[in-house]
Amino acid sequence: MLYAATILVSAFLLFQVQPLVSKRILPWFGGSPAVWTTCLLFFQLLLFAGYAYAHFSQRWLRPRWQAIVHLVLLFVAVSLLNVIPDASWEPPGGGSPVRQILVILAVSVGLPFFVLATTAPLVQAWFARSFPGRPPYRLYALSNFGSLLALVSYPLVFEREFDLTQQARYWSWAFIVFAALGGYAALRLWWEHAGEGEAH
């Protein structure tokens, strides 16, 4: 249940934050399609980076070091959590909008999104390590369900019922819950491999 809850919440938050933060900065750049395209590029690059982190941490790090690194990432992400940029980030005009958008997204939501992106492949690997012989594919299906739930619920519920400030507040609270779940999963990995000296 720990792994299932961690993956479900992470997938939901991953796909909820993209329209939330994109809508926040859209008016700053004239509402052009280039804003959505740049946001999509940013999130796809971070998603790839998260998968790469999960892959290489499994290949190069011992389980206990995986837990340490991930706990640090979770702690820093929660400490710097500020999902929507405030008005001071609104550009005065001029310059490259693509560069400005990428900088704003990186500062406001970059690390939390990256941590969320690592979760599905990383936690599935931890599950397979903790329960040898039990395939983690149900967790993969659960990740897809969380993503679909976010995509459907945002326009039908969250966008209609809450303003951006409320959405950001609720998302941040949910992210803290996710960080607690992910942190406990990392601690479980640490405990299971206490005293283990061999390399992964």
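Remember, predicted model here, so these are calculated numbers, not experimental data.

## What about the pattern of salt bridges?
Alright, step 1. On inspection of all chains with the given rule, the structure shows 2 salt bridges.
Alright, step 2. Ionic pairing is found between E159 and K23, a salt bridge with its closest N-O pair at 2.8 Å. Here K23 lies in helix α1 (residues 2–25) and E159 lies in helix α5 (residues 137–161), a separation of 136 residues in the sequence.
Alright, step 3. For E159, a relative accessible area of 32% translates into the label partly exposed.
Alright, step 4. Across the salt bridge formed by R188 and E192, the nearest N and O atoms sit 3.1 Å from each other. With R188 and E192 both in helix α6 (residues 164–192) and 4 residues apart, the pair spans about one turn of that helix.
Alright, step 5. You can call R188 partly exposed: its relative accessible area is 26%.

## Structural notes on the packing of aromatic side chains
Alright, step 1. Considering all chains together, one arrives at 14 aromatic pairs under this definition.
Alright, step 2. Between the aromatic rings of F162 and Y170, the centroid separation amounts to 5.2 Å while the plane-to-plane angle is 80°, which identifies the pairing as edge-to-face.
Alright, step 3. A relative accessible area of 25% means that F162 is categorised as partly exposed.
Alright, step 4. According to the relative accessible area criterion, Y170 is partly exposed, its value standing at 31%.
Alright, step 5. Aromatic rings pair up to connect F12, F158, F162, Y170 and W173 into one cluster.
Alright, step 6. Positioned above the aromatic ring of W190 is the side chain of R64, whose terminal nitrogen or guanidinium carbon lies 3.5 Å from the ring centre.

## Notes on the environment of R24
Alright, step 1. Topologically, R24 is positioned in helix α1.
Alright, step 2. Residue classification places R24 among the partly exposed residues on the basis of a relative accessible area of 25%.
Alright, step 3. Between the alpha carbons of R24 and W173 there is a distance of 19 Å; along the sequence they are 149 residues apart.
Alright, step 4. At 2.9 Å, the side chain of R24 forms a polar contact with the backbone oxygen of P85.

## Structural notes on the environment of V72
Alright, step 1. With respect to the helices and strands, V72 occurs in helix α3 (residues 63–79).
Alright, step 2. Spatially, the C-alpha atom of V72 lies 17 Å from that of Q58, the residues being 14 residues apart in sequence.

## Some points on the environment of L111
Alright, step 1. For L111, the position within the fold is in helix α4 (residues 97–130).
Alright, step 2. Assessed through its relative accessible area of 25%, L111 is described here as partly exposed.
Alright, step 3. Taking the C-alpha atoms as reference points, L111 and A4, 107 residues apart in sequence, are found 22 Å from one another.
Alright, step 4. Leave out the neighbours within four places in its chain, and L111 touches L73, V76, A77 and A106.

## Thoughts on the side chain of S57
Alright, step 1. Within the secondary structure, S57 sits in helix α2 (residues 33–60).
Alright, step 2. In this structure S57 comes out as buried when scored by relative accessible area, which is 4%.
Alright, step 3. A polar contact is formed between the side chain of S57 and the backbone oxygen of A54, at a distance of 3.0 Å.
Alright, step 4. Contacts of S57, omitting those with residues within four sequence positions, involve Q66 and L122.

## Side note on the nonpolar core
Within soluble globular proteins, side chains that are nonpolar tend to cluster in buried spots.
Alright, step 1. Counting residues in each nonpolar core, the largest one holds 52 residues, and the members touching the most others are I25, F43, L105, W126 and W171.
Alright, step 2. Among the elements that make up this core, the one with the highest residue count is α4 (13 residues).
Alright, step 3. For W126, the residues in contact, after removing those within four places along its chain, are Y3, Q58, Q66, H70, G182, A185, A186 and L189.

What counts, and where the lines are drawn
Residues numbered from 1 in each chain as written. Predicted model: local features only at pLDDT ≥ 70, side-chain atom pairs only at ≥ 80, totals over all residues. Heavy atoms only, no water. Salt bridge = Lys/Arg side-chain N within 4 Å of Asp/Glu carboxyl O. Helix = DSSP H or I, 4+ residues; strand = E, 2+ residues; numbered from the N terminus. Buried < 20%, exposed > 50% of the residue type's maximum accessible area, 1.4 Å probe, protein only. Phe/Tyr/Trp six-rings, centres within 6.5 Å; stacked < 30°, edge-to-face > 60°. Lys NZ or Arg CZ within 6 Å of the ring centre and 35° of its normal. Polar contact = N/O pair within 3.5 Å; in protein donor to acceptor, adjacent residues only side chain to side chain. Contact = heavy atoms within 4.5 Å. Core = buried A, V, L, I, M, F, W, Y, C linked by side-chain atoms within 4.5 Å.

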